[in-house]
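# Coordinate inspection notes
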Amino acid sequence: MSRYLMHLLLFPTRVSLCFLSLLYWIVVYGTAAITACLVLIRIIWNGFWDPYGTFHWTVRQQPPACLRDPALGKHAYLYGRSSGLRFHYVTKGDHRKPLMLFLHGFPENWYSWRYQLVEFSRCYHTVALDLRGCGNSEAPSQLEDYSLEKLLYDIRDTIDELGHTSCILVGHDWGGMLAWHFALERPDMVQRLVIMNAPHPASWLDAVLRRPSQLLRSGHACFFQLPFLPEIALSLEDFKLVRSMLCGGRVGIRNRARRLTEAQLEGYLYHLSHPGALTASLNYYRSLLSNTLYKHQDVAVTSMLIWGEEDNILVEGMSGGTRPYVRGPVVVHTIPDCSHWVQQDQPEVVNNLLWDFLLDRDSISNHTTHGLFSNASASGALNVQLLTKSILSGKVQSGRCDSCEKEANLITGPEWDFSRPRGDVINPSQSETRNLSQSFRTRAVSHIAAEGGCRGVSRRRKNTHVGPPEPNQQKHFWDFVGAAGKSRLRDTSWTSDGLPP
């Protein structure tokens with residue numbers, strides 16, 4: 001009797017889920033049909049006036065120089081234990097340091113992470129992976145080879161083959177969607193999660209069902225569900241649609257200083273121009289879109305979502321809609337005047353946000369911030385006692401600041417090396433106490449740098465001096481701290497063990 005009663009009680013829920021599923025696919029394929037009609041009209045019109053130019057595209061035979069730049073890292077391959085496929089990746093930094101794994105989106109490859117590979121290689125083992133079917137990685141031809149389960153196995157195998165048990169996972173576009181799913185399935189292998197312009201799988205469905213008209217902004221994702229036609233449309237006029245996605249005035253990179261050159265654009269077109277490459281890339285959309293239904297699971301990993309405010313590709317409002325699905329600490333940053341290609345459009349801003357998040361200088365909670373995040377405001381929250389004790393036997397030296405190009409009095413220490421106000425990485429292999437102390441040191445120096453009006457501290461050789469600043473350096477210390485810092489710290493005395501009280 002109880003069994004029948006349970007089925008009866010669940011019947012309304014099952015009917016509602018079936019109705020939502022039907023509505024979802026009606027909206028998806030309805031949008032795909034509308035988009036396909038518009039694309040076909042454009043193809044016919046352009047083909048009538050310029051048939052040769054419209055139906056012509058070139059297969060690139062040689063990789064451009066930007067993909068072979070040794071300054072970006074070392075090219076290597078690994079084999080997935082689950083699939084047996086060969087994956088290409090670019091790595092930079094010491095492999096003994098914590099792993100920072102980057103997952104790209106469409107129509108990108110590892111090269112989209114060039115700014116982050118170099119920036120974080122000082123403190124992390126940075127790896128930008130060519131996902132299955134993309135770049136120089138192997139590309140299976142069947143759609144079932146791109147199922148969510150197999151794609152998540154690829155990430156797990158990559159972490160294992162690189163000699164790590166966990167990583168800081170960073171994803172953009174559908175690389176971000178994969179990162180969301182991996183954090184849901186394997187939270188034990190994700191130390192921290194960073195998502196860029198990719199909604200939580202459940203928030204995608206919620207946004208579409210609340211405002212179906214907004215799906216037209218993501219019409220490409222629905223259009224890509226169709227067979228054959230998307231591959232043809234993207235190839236026409238020598239990949240004109242791909243060019244417009246990355247460089248167009250409406251959806252392309254907005255930052256003039258970071259717009260792709262023709263040589264950089266070839267770094268993406270080189271792989272996509274090969275036979276079967278577009279089909280492999282589009283299979284991600286055909287697979288992932290079918291896995292968004294009812295995945296209302298909460299992410300328990302400490303997370304950060306970065307969203308370009310001028311994203312004209314994804315559904316409006318998805319950034320804020322992600323927060324209810326993250327059970328762990330989360331911070332959401334919206335970058336103004338920034339496109340969908342956020343890590344390439346505003347790399348300096350993105351890198352600063354990443355440093356703040358990784359070194360715990362960000363105020364991590366369930367909140368959203370709009371605009372640029374201020375290092376000074378985060379560091380200013382520290383009280384005077386924490387600030388003085390955080391210096392931990394620092395030593396002041398004179399030199400030229402790499403950041404502001406001016407003469408400055410620089411702080412170094414016996415265990416770390418300040419090449420930026422954010423300091424050195426917190427190594428998870430160290431004890432919890434030392435990690436906490438390292439974080440305090442980093443915050444304190446950031447605060448001092450901000451009060452001194454300088455955004456950076458020059459890279460200097462690690463100093464072996466242990467103890468308080470020497471007498472002839474006290475004056476330089478206060479000059480560097482600045483007037484505001486001096487009013488807080490001038491009464492500080494140094495104890496015999498070399499620490500401020």
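Provided above is the structure to which this section pertains.
Reading the values: the criteria
- Residues numbered from 1 in each chain as written.
- Predicted model: local features only at pLDDT ≥ 70, side-chain atom pairs only at ≥ 80, totals over all residues.
- Heavy atoms only, no water.
- Buried < 20%, exposed > 50% of the residue type's maximum accessible area, 1.4 Å probe, protein only.
- Helix = DSSP H or I, 4+ residues; strand = E, 2+ residues; numbered from the N terminus.
- Pairing = 2+ DSSP bridges.
- Right-handed = clockwise from strand over helix to strand, strands pointing away.
- Axes fitted to C-alpha atoms, helices over the stretch in contact; angles between N-to-C directions.
- Parallel < 35°, antiparallel > 145°, perpendicular 65-115°, else oblique.
- Left-handed = near helix turned anticlockwise from the far one by under 90°.
- Contact = heavy atoms within 4.5 Å.
- Nonpolar A, V, L, I, M, F, W, Y, C, P; charged D, E, K, R; others polar.
- Core = buried A, V, L, I, M, F, W, Y, C linked by side-chain atoms within 4.5 Å.
- Salt bridge = Lys/Arg side-chain N within 4 Å of Asp/Glu carboxyl O.
- Polar contact = N/O pair within 3.5 Å; in protein donor to acceptor, adjacent residues only side chain to side chain.
- Phe/Tyr/Trp six-rings, centres within 6.5 Å; stacked < 30°, edge-to-face > 60°.
- Lys NZ or Arg CZ within 6 Å of the ring centre and 35° of its normal.
- Expected span 1.5 Å × (residues − 1).

When you tally the buried positions in strand β4 (residues 125-129), you get five out of five residues, the bulk of the element. Neither face of β4 is open: one carries His-125, Val-127 and Leu-129, the other Thr-126 and Ala-128, and all of them are buried. Looking at chain direction, strand β2 (residues 86-92) and β4 are connected through four bridges and run antiparallel. Looking at the pairing, Val-90 lines up with Ala-128 of β4. For strand β3 (residues 99-103) and β4, the ladder comprises five bridges, and the chain directions are parallel. Looking at the pairing, Leu-99 lines up with His-125 of β4. In terms of handedness, the path from β3 via helix α3 (residues 114-119) over to β4 forms a crossover that is right-handed.

The next thing to look at is the packing of helix α8 (residues 229-247) against helix α10 (residues 277-288). Contact geometry for α8 and α10: axes closest at 10 Å, N-to-C directions at 135 degrees. Regarding the angle of α8 to α10, the classification is oblique. The handedness of the crossing between α8 and α10 comes out as right-handed. From α8, Pro-230, Glu-231, Leu-234, Ser-235 and Phe-239 reach across to α10, where they touch Leu-278, Thr-279, Leu-282 and Arg-286. A class-by-class count of the residues in the contact of α8 with α10 yields five nonpolar, two polar and two charged.

Of all eleven residues in helix α9 (residues 262-272), nine are buried; the element is thus mostly enclosed. Of all the residues in α9, the buried ones are Gln-264, Leu-265, Glu-266, Gly-267, Tyr-268, Leu-269, Tyr-270, His-271 and Leu-272.

With 111 residues, the main nonpolar core has Leu-101, Leu-169, Leu-178 and Leu-193 as its most contacted residues. When residues no more than four places from it in sequence are discounted, the contact partners of Leu-101 are Val-127, Leu-129, Ile-155, Thr-158, Ile-159, Cys-167, Ile-168, Leu-169 and Val-170.

The next thing to look at is the pairing of strand β7 (residues 303-308). Taking burial as the measure, the six residues of β7 include six buried ones, the bulk of the element. Here β7 shows no split at all, with Ser-303, Leu-305 and Trp-307 on one side and Met-304, Ile-306 and Gly-308 on the other all buried. Sheet topology places strand β6 (residues 190-196) next to β7; four bridges connect them, and they run parallel. Within β7, the residue paired with Leu-193 across the bridge is Ser-303. Note: β7 against strand β8 (residues 330-335), six bridges, orientation parallel. Note on β8: the bridge partner recorded for Met-304 is Val-331.

Evaluated as defined, the whole model comprises 17 salt bridges. Across the pair Asp-337 and Arg-254 runs a salt bridge, and its minimum N-O distance is 3.0 Å. Of this pair, Asp-337 sits in the loop between β8 and α12 (342-345) while Arg-254 sits in the loop between α8 and α9; the two residues are 83 residues apart in sequence, bridging distant segments of the chain. The class of Arg-254 is partly exposed, set by a relative accessible area of 29%. Linked through salt bridges whose partners overlap, the residues forming this network are Arg-60, Asp-238, Arg-243, Glu-262 and Glu-266.

The next thing to look at is the side chain of Ser-166. Tracing the backbone shows Ser-166 in the loop between α4 (148-161) and β5 (167-172). Within the structure, the side chain of Ser-166 is placed 3.0 Å from the side chain of Gln-191, a separation counted as a polar contact.

As enumerated under the stated definition, the model contains 13 aromatic pairs in all. With centroids separated by 5.9 Å and ring planes inclined at 65 degrees, the aromatic side chains of Trp-45 and Trp-49 adopt a geometry described as edge-to-face. Highlighted residues: Trp-45 and Trp-49, both in helix α1 (residues 2-49), separated by four residues, approximately one helical turn. Assessed through its relative accessible area of 60%, Trp-49 is described here as exposed. Ring pairing ties together the aromatic residues Phe-106, Tyr-146, Trp-174, Phe-223, Phe-224, Tyr-284 and Tyr-285, which thus form one cluster. A cation over an aromatic ring shows up here: Arg-86 above the ring of Tyr-77, its NZ or CZ 3.9 Å from the ring centre. Over the aromatic face of Phe-357 sits the side chain of Arg-192, whose NZ or CZ is 5.1 Å from the ring centroid.

Moving on, we get to helix α5 (residues 174-185). The terminal C-alpha atoms of α5, which comprises twelve residues, lie 16 Å apart, in line with the 16 Å expected from a rise of 1.5 Å per residue. In terms of residue burial, α5 counts as a mostly covered element, since eleven of its twelve residues are buried. By the burial criterion, the buried members of α5 are Trp-174, Gly-175, Gly-176, Met-177, Leu-178, Ala-179, Trp-180, His-181, Phe-182, Ala-183 and Leu-184.

Turning to the packing of α1 against α8, a few remarks are in order. At a minimum axis separation of 11 Å, α1 and α8 run at an interaxial angle of 40 degrees. One way to sum up the angle between α1 and α8 is to call them oblique. Here α1 and α8 pass one another in a crossing that is left-handed. Contact with α1, carried on its side by Ala-36, Val-39, Leu-40, Arg-42, Ile-43 and Asn-46, involves Leu-229, Ala-233, Leu-236, Glu-237 and Lys-240 of α8 and no other residues of that element. Partitioned by chemical class, the residues of the contact of α1 with α8 number seven nonpolar, one polar and three charged.

Another aspect to go through is unusual backbone geometry. Residue Phe-106 is joined to Pro-107 through a cis peptide bond whose omega torsion reads 5 degrees. Positive phi is not limited to glycine here, since Asp-238 has a value of about 55 degrees. You can see Asp-238 is positioned in helix α8. Asp-238 sits in the buried class, given a relative accessible area of 17%. Even without a glycine there, the phi angle at Phe-239 is positive, about 65 degrees. Counting through the fold element by element, Phe-239 comes out in helix α8. A residue is classified by how much of its surface remains accessible, and Phe-239, at 1% relative accessible area, is buried.

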